[in-house]
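# Architecture at a glance
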Amino acid sequence: MDSNLKCPVCGCEHVYPDGALWMCPECAHEWNPAETTAESGEASGEIRDANGNVLADGDTVTVIKDLKIKGSSMVVKGGTKVKNIRLSDGGDGHDIACKIAGIGAMNLKSEFVRKA
């Protein structure tokens, strides 16, 4: 029995196996520990571009499609290079903070850029 295994919902230490799943007697939550560890690896804080490359602070990226700027008639054209990006924890999905020449400071979603 795994002595360090705890319920991911309530943190109870008195969990027990039931076939391939583990059960919590306090909150009745069922889970597969193999899937839980795989999900935690994906959510490790890595920010990836549209091609799956890991991004880091200071990288140069290229915008892959035309992006309309909210509240403005301006457009960031596809192929625009953005230098010296900063990774941020935007709750709305915008996880790159940068300055674009001719436009100024803005936030981008990593799904619309690729590493240059």
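Residue numbers run consecutively from 1 along every chain, following the written order of its sequence. Only residues with pLDDT of 70 or above have their local features reported here, since the model is predicted, and side-chain atom pairs are shown and tallied only from 80 upward, although totals for entire chains, interfaces and linings are computed over all residues. For the side-chain quantities, the full set of heavy atoms in the structure was used; hydrogens and water were omitted.

### Observations concerning the pairing of strand 10 (residues 104-108)
- Sheet topology places strand 9 (residues 96-100) next to strand 10; 5 bridges connect them, and they run antiparallel. In the sheet register, Lys-99 faces strand 10, and the bridge partner there is Ala-105.
- Between strand 9 and strand 10, which pair antiparallel one after the other, the connecting turn spans 3 residues, and Gly-102 there sits at a positive phi close to 85°. Should DSSP find at least two bridges between two strands, the strands are taken to pair. Under the DSSP-based scheme used, a helix requires at least four consecutive residues in state H or I and a strand at least two consecutive residues in state E, with every element numbered from the N terminus.

### Some points on the sheet that holds strand 11 (residues 113-115)
- Spatially, 7-4-11 is the arrangement adopted by the 3 strands of the open sheet, whose pairing is antiparallel. In this open sheet, the two edge strands, each paired with only one partner strand, are strand 7 (81-82) and strand 11.
- Bridge count between strand 4 (residues 61-63) and strand 7: 2 bridges; the pairing is antiparallel. Looking at the pairing, Val-61 lines up with Val-82 of strand 7.

### As for the pattern of salt bridges
- One side-chain nitrogen of Lys or Arg within 4 Å of one carboxyl oxygen of Asp or Glu is enough to make a salt bridge. On inspection of all chains with the given rule, the structure shows 3 salt bridges.
- Linking Glu-13 and Lys-6 is a salt bridge whose minimum nitrogen-to-oxygen distance equals 3.6 Å.
- Any residue under 20% of the maximum accessible area for its type is buried, any over 50% is exposed, and the rest in between are partly exposed; the area is computed with a 1.4 Å probe on protein chains only. Owing to a relative accessible area of 53%, Glu-13 belongs among the exposed residues under this scheme.
- Judged by its relative accessible area of 44%, Lys-6 is partly exposed.

### A few points about unusual backbone geometry
- For Ala-28, which is not a glycine, the phi torsion comes out positive at approximately 65°.
- On the secondary structure map, Ala-28 appears in the loop between strand 2 (21-23) and strand 3 (30-31).
- On the accessibility criterion, Ala-28 (54% relative accessible area) is exposed.
- Positioned with a positive phi, Asn-84 is a non-glycine residue whose angle comes to about 55°.

### Observations concerning the side chain of Asp-49
- Looking at the element boundaries, Asp-49 is found in the loop between helix 1 (33-42) and strand 4.
- In this structure, Asp-49 is buried with no salt-bridge partner, the nearest side chain bearing the opposite charge being Arg-48 at 7.0 Å.
- Looking at Asp-49, its side chain comes within polar contact range of the main-chain nitrogen of Asn-53, at 2.7 Å.
- If sequence neighbours within four positions are ignored, Asp-49 has contacts with Leu-55, Ser-110, Val-113, Arg-114 and Lys-115. A residue counts as positive if it is Lys or Arg and as negative if it is Asp or Glu; His and the chain ends are not included. Nitrogen and oxygen atoms within 3.5 Å of one another constitute a polar contact, given that in protein one can donate a hydrogen and the other can accept it, and given that sequence-neighbouring residues count only through two side-chain atoms. Contacts were defined at the residue level, with two residues in contact if any of their heavy atoms lie within 4.5 Å.

### Details of the UniProt feature "domain: Protein YjdM N-terminal" (unreviewed entry) in the chain
- Mapped onto the present numbering, the UniProt feature "domain: Protein YjdM N-terminal" (unreviewed entry) falls on residues 6-32.
- For residues 6-32, the end-to-end C-alpha separation is 12 Å, with 0% helix and 30% strand making up the annotated structure. UniProt positions are given in the numbering used here, feature names are shortened, and annotations may be inferred rather than shown by experiment.

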